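Inside the fold
Each chain, written out:
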Amino acid sequence: MQPVVHTAAAAAAAKSLQSCLTLCDPIDGSPPGPAVPGILKARTLEWVAITFSGVDETSEQEPKHKEINNSNAQNPSAEEVGEEQDEDILPLTLEEKENKEYLKSLFEILILMGKQNIPLDGHETDEIPEGLFTPDNFQALLECRINSGEEVLRKRFETTAVNTLFCSKTQQKQMLEICESCIREETLREVRDSHFFSIITDDVVDIAGEEHLPVLVRFVDEAHNLREEFVGFLPYEADAEILAVKFHTTITEKWGLNMEYCRGQAYVVSSGFSSKMKVVASRLLEKYPQAIYTLCSSCALNMWLAKSVPVMGVSVALGTIEEVCSFFHRSPQLLLELENVISLLFQNNEERGKELKEICHSQWTGRHDAFEILVDLLQALVLCLDGINSDTNVRWNNCIAGRAFVLCSAVTDFDFIVTIVVLKNVLSFTRAFGKNLQGQTSDVFFAASSLTAVLHSLNEVMENIEVYHEFWFEEATNLATKLDIQMKLPGKFRRAQHSNLESQLTSESYYKETLSVPTVEHIIQELKDIFSEQHLKALKCLSLVPSVMGQLKFNTSEEHHADMYRSDLPNPDTLSAELHCWRIKWKHRGKDIELPSTIYEALHLPDIKFFPNVYALLKVLCILPVMKVENERYENGRKRLKAYLRNTLTDQRSSNLALLNINFDIKHDLDLMVDTYIKLYTSKSELPTDNSETIENT
């Protein structure tokens, strides 16, 4: 039998499961009811069934949510549901038991492949000699278990035709989707129990030839730890409006998160994608005003701003910088070559030379002062790349020499020189501000107050852009002269100028209009968008942290700023009195008691539950994407995502296997996976007896 997904059947399965009492309502995330055996499993089955229901259009999904609410409202008591379920369960036949054991073995293999990052496919077709059959990795592991004496698999193998695959590609895909959903549900259940969360996306990645957005969630777990977990990939859409709709639909309908509890959103994307993700943020803000659009703590403000500048020259320059950094990190020999050049150039300033050599070993392109570093390093980079390309001792292979030639041409282009000099100077006004945002809690609090001064400085630059640009352009031309780079306009503008003899366009005026003016204007507007009034109010609430209170001499006014979170508080009417007690507690502490300096420390105070409103506010502030994760062991999601992408070839990546690999330490329930598969793709009267495809068809 070839298992096939039927939307109607899957939807019917989902509807039948909606009658089960759940631990958390899938729409409003309300707290769990009485603990009843089997309810947790029914809860997960419900969400997995909804995941595979195949409903794509938002217009179809809205009534579905209402139907779920109505169904849950009419549910009988948990005890009655349990009794009815027990009455309906019939003893399994021998064939059904064997089939479940068989499916369990298949799921075990898939989970192993995911956790160990083993691709499904084996050898490439062109690697296999003609006439020789070589199984893929999944089939090979199946055969290994059969040869090791697994009786259930052996029996199934004996009934499978010689010219067929033991487990079809279709069945593999179905089972992988179930594995992914069940593993994800373990994390999402914790998120729903926590109520409040934030959504973060990382840079767009290539998964087997298609662009995807990695999605992470931030929440505070029951142990009061801030966690940032990877929950899956979302297919990227070129149309920003379609992307916004699908983004919202996936989170609410497919993953079952209630966006009413979302308190923050941040998007870490490269140049070209920023404007589209900003549309997504705007659409979510329209529906959920408390889902504040913020900076992400994992990204330096200056790099965030640079990536968002809608100027093609800036996007090209940023891409070149990343490629140069990656090139020298390809091997220790290349870094050593660069260090030798730096030593020669900085003989009169050994301290700065030593500092730059240390910086070169890091991922310096993500630093707040990346453009200052690049300007200082540029001469060394050009000389080193030129030396590698023209090396007469043949120390480098053709691939490295050729790449060095291409990169040397890119960094010696006058357009690149002007762009990095302008970015260095414009972003110097936001460097200290951005650095404080990634500092201690008190640094973040006081940074919020300094935004006005930063904007004032940038507005002054904009009002006097003629003067500022003149200085910037002079710096760029001096740097170009030092590197023996010819000053010229980009080719298409030179050609346009030749065709228009009356044109008075000069290099300086051209770069002012196409680079300096739009860059300064955009950065001013972007700062206003990121640091909205709501965002600044939230950061002002950081005065709840005792160490910040101490720096303010305990003369704080959290109640005024906390109004935006009033509906999130368990006892809003007692907030004023509770805040007074909180201040008194720390103002009159013992001499040997240190003030907690972070939200993490405050949340772990033994008596924090005696201040329920303060506890609720700290939890919400903690999950804002702008706040850094204090304990690194709870920031595994992003690190493991980067490791997976770094260690896996593009054409071998799988969104299903990636989730299993990144969340390898999350518990999984094989029985639940098997039951879900049977509910969605088979029936008791029609259990799979031949889940195979002919080899020729694969």
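Model, not experiment: these values are computed from the prediction. (Residues numbered from 1 in each chain as written. Predicted model: local features only at pLDDT ≥ 70, side-chain atom pairs only at ≥ 80, totals over all residues. Heavy atoms only, no water.)

**Quick word on the overall build of the chain**
Helix and strand counts for the chain stand at 31 helices and 6 strands. In the chain, which comprises 698 residues, the proportion classed as buried is 52%. For the chain, the proportion of contacts with a sequence separation of at least 24, taken over those separated by at least 6, is 76%. Accessible area for the chain stands at about 32,500 Å²; split by element, carbon and sulfur atoms hold 51% of it. (Helix = DSSP H or I, 4+ residues; strand = E, 2+ residues; numbered from the N terminus. Buried < 20%, exposed > 50% of the residue type's maximum accessible area, 1.4 Å probe, protein only. Contact = heavy atoms within 4.5 Å. Areas by Shrake-Rupley, 256 points an atom, 1.4 Å probe, with all protein chains shown as cover.)

**Brief notes about the nonpolar core**
Grouped together as the largest cluster of nonpolar side chains are 163 residues, with contacts concentrated most on F328 and L527. Ranked by residue count, the leading element in this core is helix 15 (residues 370-389), at 13 residues. Residues V205, F230, L660 and L672 belong to the second largest nonpolar core, which totals 42 residues. (Core = buried A, V, L, I, M, F, W, Y, C linked by side-chain atoms within 4.5 Å.)

**Regarding the pattern of salt bridges**
In the structure shown here, the tally under the stated rule is 35 salt bridges. Linking R638 and D202 is a salt bridge whose minimum nitrogen-to-oxygen distance equals 2.5 Å. On the criterion of sequence distance, the pair formed by R638 in helix 29 (residues 636-647) and D202 in the loop between strand 1 (197-201) and strand 2 (205-207) is long-range, its members being 436 residues apart. Overall, the relative accessible area of 4% leaves D202 in the buried class. When the shortest N-O distance is used, the salt bridge between E513 and K512 registers 3.2 Å. We classify E513 as partly exposed; its relative accessible area is 49%. (Salt bridge = Lys/Arg side-chain N within 4 Å of Asp/Glu carboxyl O.)

**Details of the packing of aromatic side chains**
The description of an aromatic ring pair rests on the distance of the ring centres and on the angle between the ring planes. Tallied over the full model, the rule gives 17 aromatic pairs. A ring pair is formed by F433 and F531, whose centres lie 5.2 Å apart and whose planes are at 65°; its orientation type is edge-to-face. Pair noted here: F433 is in helix 18 (residues 431-437) and F531 is in the loop between helix 22 (507-530) and helix 23 (533-540), with a separation of 98 residues, a long-range link. Of the two residues, F433 and F531, both sit in the buried class. (Phe/Tyr/Trp six-rings, centres within 6.5 Å; stacked < 30°, edge-to-face > 60°.)

**Quick word on the packing of helix 19 (residues 441-463) against helix 20 (residues 465-482)**
The geometry of helix 19 relative to helix 20 is characterised by a closest axis approach of 5 Å and an angle of 90° between their N-to-C directions. Taken together, the axes of helix 19 and helix 20 lie roughly perpendicular to each other. Contact residues: E460, V461, M462 and E463 in helix 19; I465, Y468 and W472 in helix 20. For the contact of helix 19 with helix 20, the residue count by class is 5 nonpolar, no polar and 2 charged. (Axes fitted to C-alpha atoms, helices over the stretch in contact; angles between N-to-C directions. Parallel < 35°, antiparallel > 145°, perpendicular 65-115°, else oblique. Nonpolar A, V, L, I, M, F, W, Y, C, P; charged D, E, K, R; others polar.)

**A look at the packing of helix 15 against helix 16 (residues 398-411)**
Packing of helix 15 against helix 16 leaves a shortest axis separation of 8 Å and a crossing angle of 145°. In terms of crossing hand, the pair formed by helix 15 and helix 16 is left-handed. Of the residues in helix 16, those touching helix 15 at L378, V382, L385, D386, I388 and N389 are I400, A401, A404, F405, L407, C408 and V411. In the contact of helix 15 with helix 16, the residues fall into 11 nonpolar, 1 polar and 1 charged. (Left-handed = near helix turned anticlockwise from the far one by under 90°.)

**Comments concerning the pairing of strand 5 (residues 262-267)**
Of all 6 residues making up strand 5, 6 are buried, and the element is well covered by its neighbours. With 5 bridges joining them, strand 1 and strand 5 adopt parallel strand pairing. Bridge pairing in strand 5 links F197 to C262. Of the strand pairs in this sheet, strand 5 and strand 6 (residues 292-293) are connected by 2 bridges, and their pairing is parallel. (Pairing = 2+ DSSP bridges.)

**Focus: the environment of E358**
Residue placement: E358 occurs in helix 14 (residues 350-360). On the basis of relative accessibility, which here comes to 51%, the residue E358 falls in the exposed class. Sequence separation between E358 and E339 is 19 residues, and the spatial gap between their C-alpha atoms is 9.1 Å.

**Topic: unusual backbone geometry**
Unlike most non-glycine residues, H195 shows phi in positive territory, near 75°. Within the fold, H195 resides in the loop between helix 8 (169-194) and strand 1. The phi torsion at H224 lies on the positive side, around 70°, for a residue other than glycine. Mapped onto the secondary structure, H224 falls in the loop between strand 3 (210-220) and strand 4 (226-235). Taking relative accessible area as the criterion, H224 reaches 17% and is therefore assigned buried.

**Side note on the environment of L234**
Here L234 lies in strand 4. In this structure the C-alpha to C-alpha distance between L234 and E211, which are 23 residues apart in sequence, comes to 8.7 Å. Residues in contact with L234, not counting those within four places in the same chain, are H212, L213, V215, L243, K246, F247 and T250.

**Looking at helix 9 (residues 240-254)**
Taking 1.5 Å per residue as the helical rise, helix 9 with its 15 residues ought to reach 21 Å, and the 20 Å between its terminal C-alpha atoms agrees with that figure. Capping the start of helix 9 is the job of one residue whose side-chain oxygen sits 2.9 Å from the backbone nitrogen of E241: D239. Remark: G256 follows helix 9 within two positions and exhibits a positive phi of approximately 75°. (Expected span 1.5 Å × (residues − 1). Polar contact = N/O pair within 3.5 Å; in protein donor to acceptor, adjacent residues only side chain to side chain.)

**Describing the confidence of the model for the chain**
When pLDDT is averaged along the chain, the result is 82; 80% of the residues meet or exceed 70. Low pLDDT, under 50, characterises residues 1-40; the stretch is placed with 89 contacts to residues that sit more than four places away or in other chains. Contacts for the low-pLDDT stretch residues 54-87, under 50 throughout, to residues beyond four places or in other chains number 40 contacts. (pLDDT = per-residue confidence, 0-100.)

**Structural notes on the pairing of strand 1**
With respect to burial, strand 1 is a largely interior element, 5 of its 5 residues being buried. Across the two faces of strand 1 the burial is the same, with F197, I199 and T201 and S198 and I200 all buried. Sheet topology places strand 1 next to strand 3; 4 bridges connect them, and they run antiparallel. In the strand pairing of strand 3, I199 is matched with V217.

**Details of the side chain of E372**
Structurally, E372 is set in helix 15. Note on E372: relative accessible area 18%, which makes it buried.

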